[in-house]
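Understanding the architecture of this molecule
Given next are the chains, with one letter for each unit.
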Amino acid sequence: MGGPAYDCLTNPLGAVRFSFVNALSSGYDPASSVGKDWGVVDLFRHYFSDESAISQVPVLDSSSIKWVEPKTLVRFRGMIQDMLGNEFYAGAYKDDSTWRTNKYSDVSQFPEGSSTEMQVWERRLLYCVPVPGQNQWTECSSQELKNRFLDLTGQNREKRVRVDEEMTDSMDSNTLEAGLNGSPFKKMKVGEATSSASESQVPQSSGIPPATSTESLPCLVKMYDSPESDLKLNDVVEFLGVLTFDPIVMMDTDSLDENTDDLSEAESVQMPSGKVPRLHCLIHRKLETQHFLHGSSLLPEPKSPQIFKEIRESLMKYLTSLLGNDHIAAQFLLLHLLSKVHGRVDNVAVGKLSLNFIHLNKESMSIFGTQLSDALKSLLPFTQSIPLTIEYLNTASLGPKKDYRINRLMPGVLQIADGTHLILDETELQPGTLNSVGVENANLLKNLLECQKVEYDFQYYKMEMTTDVQMLIFSEGKSNIMPADLVLPFQPSQVNSLEVITPETAEAWRCYLATCKSLSHSIGQELQQVVENDLVAARQTDRSLGSQDLSRLLTMARMMSVSYGETTLSLEHWQMVLELERLRKERLK
């Protein structure tokens with residue numbers, strides 16, 4: 001594990017250098033490796049192979065950045081908001097006859113002189129932001145972690161200095177990254193790295209997209225040894241790597257020439273290190289909902305449906321109370337919360353289940369809508385709300401757009417992570433006229449609702465990106481802007497006092513929702529014929545039913561099954577779905 005000499009948590013670069021020396025002794029050749037991993041990835045994967053080890057690593061956010069030390073190991077959990085291309089850097093060089101490495105560092109150094117043997121390697125740049133709409137309960141409590149980390153840092157600082165001195169004696173002291181005074185090595189600053197493209201650029205201050213909130217901390221992640229196909233735009237990822245951040249050093253914009261075309265791409269796409277920290281990624285993993293649960297725990301495999309039934313019953317009681325004792329609305333809401341796109345056929349997103357509660361006005365929305373919105377924030381990891389008003393639609397930037405002046409993808413409201421729950425409030429919509437922006441935004445929302453796709457504007461062309469967003473619409477009448485899969489008249493009978501939920505109960509409900517959504521599902525051969533016959537009969541009774549209506553019934557059946565922790569549709573649950581649909585249509589008459 002890098003030996004006792006280097007602690008992977010507080011001195012990761014020491015572990016990198018140590019493993020590099022070991023790799024050289026085992027025949028690793030930097031001249032022919034093109035920067036290929038020499039065992040660092042396996043070292044850190046082994047060291048942080050379980051959740052308990054990973055939990056020791058500080059999570060980088062707007063709070064921890066104030067106390068976490070540069071060149072230590074951190075985690076950053078966020079969404080890939082932009083992919084900035086590749087960057088070349090001096091990855092390895094020879095000092096006399098000995099190879100040194102600059103991998104996982106912002107500052108590259110090598111001996112001066114044309115005779116120096118140097119290897120130029122490549123790394124990818126990802127601009128990541130905290131997940132839009134991420135709710136507070138998902139965040140780690142930083143105080144205990146801070147105290148533990150600072151204790152570790154103090155315990156290891158003396159040992160690290162001592163071992164570094166030993167390494168300095170065995171290696172040339174001038175080659176260490178510490179940057180000793182009078183060193184004959186020149187340092188290559190971040191802005192002096194070369195890259196695979198060059199773009200016209202405006203001053204740096206305009207190159208930073210607006211953050212999702214004043215407290216959010218973006219991060220520039222530098223990727224090594226990972227195929228490009230491994231990660232894509234809007235993925236939610238946990239990166240574990242070396243932090244470099246200097247809040248004192250700021251970009252000196254006065255020193256820039258008026259002709260900014262001469263800037264290297266690293267300068268044009270990387271933000272000042274005092275504003276955006278860098279993370280040199282050692283290992284990473286894509287995150288699912290369960291990773292945001294405390295302890296990353298899902299419920300046991302559905303061998304005992306009784307556990308699911310009990311939690312379902314308590315959650316249904318809570319949702320019914322929130323919705324003014326409208327039990328039918330609570331049933332549909334639960335199915336909606338368990339919906340998930342699990343397949344695509346042509347332009348159809350299979351598994352989506354958008355829901356439109358109607359007969360809501362400003363007054364009832366201020367009561368039930370507000371309570372429900374707050375409840376969903378406490379149950380789901382990512383939630384967002386959009387007011388469907390003429391003014392909002394005419395002025396909002398919903399779709400992401402590429403700005404070629406700064407070579408950046410500027411985020412839109414709809415650039416959100418898979419699994420996000422989106423509430424759209426149409427109760428304050430007044431008569432008015434949509435301008436061209438409003439029409440475009442309305443079309444973007446409708447396309448998201450119907451196809452689960454968001455259109456990205458790259459100026460010279462447009463591209464649709466698939467997504468998976470749950471959409472709940474509140475409106476007085478059936479929404480014309482947002483034609484949902486399910487329309488249900490909301491019929492509360494009373495306003496209930498807010499129930500106090502214990503943290504244990506809330507965590508159980510979160511685990512339940514995450515587990516149910518993760519379950520696979522199938523329809524047994526015997527029941528397939530029953531379902532087929534019922535669908536044919538429904539079509540004969542109501543000729544207006546189309547293939548989308550029948551597909552929706554099958555989606556509801558899937559949600560009903562998994563809500564009980566079952567992976568195979570039963571006759572009982574199928575009949576429950578048919579009865580729910582009958583009751584819904586009764587209300588619509």
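The numbering scheme is per chain: residues are counted from 1 as the chain's sequence reads. In keeping with the predicted nature of the model, local features appear solely for residues at pLDDT of at least 70, side-chain atom pairs appear and are counted solely at 80 or more, and the whole-chain, interface and lining totals rest on all residues. Note that water and hydrogens are dropped before the side-chain values are worked out from all heavy atoms of the structure.

Per an unreviewed UniProt entry, the protein chain is named Mini-chromosome maintenance complex-binding protein, and its organism is Arabidopsis lyrata subsp. lyrata. Under the UniProt heading Subcellular location (unreviewed entry), the note attached to the protein chain is "Nucleus". UniProt positions are given in the numbering used here, feature names are shortened, and annotations may be inferred rather than shown by experiment.

Each helix corresponds to a stretch of at least 4 residues labelled H or I by DSSP, and each strand to a stretch of at least 2 residues labelled E; elements are numbered beginning at the N terminus. If you tally the helices and strands in the protein chain, you get 15 helices and 19 strands. Taking all 589 residues of the protein chain together, 52% fall into the buried category. Taken as a whole, the protein chain presents about 27000 Å² of accessible surface, with 49% of it coming from carbon and sulfur. A simple rule labels every residue: compare its accessible area, found with a 1.4 Å probe on the protein chains alone, to the largest value its type can have, and call it buried under 20%, exposed over 50%, or partly exposed in between. The Shrake-Rupley method, run with a 1.4 Å probe, gives the accessible areas here. Residue values count only the displayed protein chains as cover.

What follows deals with the pattern of salt bridges. Charged atoms that come close allow side chains of opposite charge to pair. One side-chain nitrogen of Lys or Arg within 4 Å of one carboxyl oxygen of Asp or Glu is enough to make a salt bridge. Enumeration according to the criterion identifies 25 salt bridges in this entry. Residue glutamate 238 is joined to arginine 75 by a salt bridge in which the shortest nitrogen-to-oxygen separation is 3.1 Å. Placement of the pair is glutamate 238 in strand 7 (residues 236–244) and arginine 75 in strand 1 (residues 73–95), with a sequence separation of 163 residues. Side by side, glutamate 238 and arginine 75 carry an identical accessibility label, which is buried. The closest approach of N and O atoms between lysine 222 and glutamate 87, which form a salt bridge, is 3.5 Å. Here glutamate 87 lies in strand 1 and lysine 222 lies in strand 6 (residues 219–223), a separation of 135 residues in the sequence. Pair check on accessibility: lysine 222 and glutamate 87 agree, each one buried. Three or more residues are tied together by salt bridges with common partners; here these are Glu87, Asp106, Arg123, Lys222 and Arg278.

In short, DSSP must find at least two bridges between two strands for them to pair. Reading across from one edge, 12-15-18-11-19 is the order of the 5 strands in this open sheet, with parallel pairing throughout. Both edges of this open sheet fall to strand 12 (383–387) and strand 19 (486–489), since each of them pairs with a single strand only. When strand polarity is set aside, the average angle formed by the axes of neighbouring strands in this sheet is 20°. Across the face of the sheet, helix 9 (residues 362–379) comes into contact with strand 11 (355–358), strand 12, strand 15 (421–425) and strand 18 (470–474) while running at roughly 165° to strand 18. Comment: axis = line fitted to C-alpha atoms, over the contacting stretch for helices; angle = value between 0 and 180 degrees taken between N-to-C directions. Residue contacts follow a heavy-atom distance rule, with two residues in contact if any of their heavy atoms lie within 4.5 Å.

Here the focus is helix 15 (residues 571–588). Since the α-helix advances by 3.6 residues per turn, residues separated by three or four positions end up pointing in the same direction. Take the number of residues in a helix, subtract one, and multiply by 1.5 Å to get its expected span. Its 18 residues give helix 15 an end-to-end C-alpha distance of 26 Å, which sits within 8% of 26 Å, the value for a rise of 1.5 Å per residue. Listed in full, the buried residues belonging to helix 15 are His573, Trp574, Val577, Leu580, Glu581, Arg584 and Arg587. Seen from one end, helix 15 has its buried residues packed into an arc of 140°, which puts them on one side. Buried residues belonging to helix 15 abut helix 8 (327–337), strand 19, helix 13 (525–541) and helix 14 (547–563). Throughout, the arc means the angular range of directions from the helix axis out to the C-beta atoms.

Turning to the nonpolar core, a few remarks are in order. Generally speaking, a soluble globular protein has its nonpolar side chains buried in company with each other. Leu315, Leu333, Phe357, Leu372, Leu472 and Leu513 are the most contacted members of the largest nonpolar core, which totals 54 residues. Among the elements that make up this core, the one with the highest residue count is helix 8 (8 residues). Residue assignment places this core across two domains, with domain 2 (305–502) and domain 3 (519–588) each supplying three or more. Residues contacting leucine 513, with those up to four places away along its chain left out, are Leu315, Leu334, Leu337, Leu338, Leu379 and Leu380. Counting residues in each nonpolar core, the second largest holds 47 residues, with Met223, Leu243, Ala396 and Leu422 among its members. Nonpolar cores are built from buried Ala, Val, Leu, Ile, Met, Phe, Trp, Tyr and Cys residues. Side-chain atoms within 4.5 Å join them into one set. Domain borders in the structure are assigned automatically or taken from a domain database.

Once that is clear, we can look at the packing of helix 13 against helix 15. Put simply, helix 13 and helix 15 touch, their axes get as near as 11 Å, and they point 15° apart. When the axis of helix 13 is compared with that of helix 15, the two are roughly parallel. At the point where helix 13 passes helix 15, the crossing takes the right-handed sense. Note on element contacts: helix 15 touches helix 13 through Leu571, Trp574 and Leu578, opposite Leu527, Val530, Val531, Asp534 and Leu535. Under the scheme applied here, ten amino acids are nonpolar (Ala, Val, Leu, Ile, Met, Phe, Trp, Tyr, Cys and Pro), four are charged (Asp, Glu, Lys and Arg), and all others, including Gly, are polar. Of the residues assigned to the contact of helix 13 with helix 15, the class counts are 7 nonpolar, no polar and 1 charged. Should an angle fall under 35 degrees it is taken as roughly parallel, and over 145 as roughly antiparallel, whereas 65 to 115 is taken as roughly perpendicular and any remaining angle as oblique. Handedness of each helix crossing follows the sense of rotation of the near helix against the far helix: counterclockwise by less than a right angle gives left-handed, clockwise gives right-handed.

Locating glycine 35 in the fold gives a position in the loop between helix 2 (30–33) and helix 3 (40–47). For the pair glycine 35 and tryptophan 121, spaced 86 residues apart in sequence, the C-alpha separation works out to 5.6 Å. Not counting the four nearest positions on each side in its chain, glycine 35 is found in contact with Tyr28, Lys103, Trp121 and Asp225.

Looking now at the packing of helix 8 against helix 14. With their axes 9 Å apart at the nearest point, helix 8 and helix 14 run at an angle of 90° to one another. Classified by the interaxial angle, the pair formed by helix 8 and helix 14 is roughly perpendicular. Residue-level inspection shows Phe332, Leu334 and Leu335 of helix 8 in contact with helix 14, the latter providing Met556, Met559, Met560 and Ser563. Residue composition of the contact of helix 8 with helix 14, by class: 6 nonpolar, 1 polar and no charged.

In this section: the pairing of strand 7. Taking burial as the measure, the 9 residues of strand 7 include 9 buried ones, the bulk of the element. Note that strand 1 and strand 7 share 7 bridges and pair antiparallel. Residue pairing across strands places methionine 79 opposite valine 236, the latter belonging to strand 7. Bridge analysis of strand 7 against strand 8 (residues 278–286) gives 8 bridges, and the strand direction is antiparallel. Among the inter-strand pairings, valine 237 is bridged to a residue of strand 8, identified as lysine 286.

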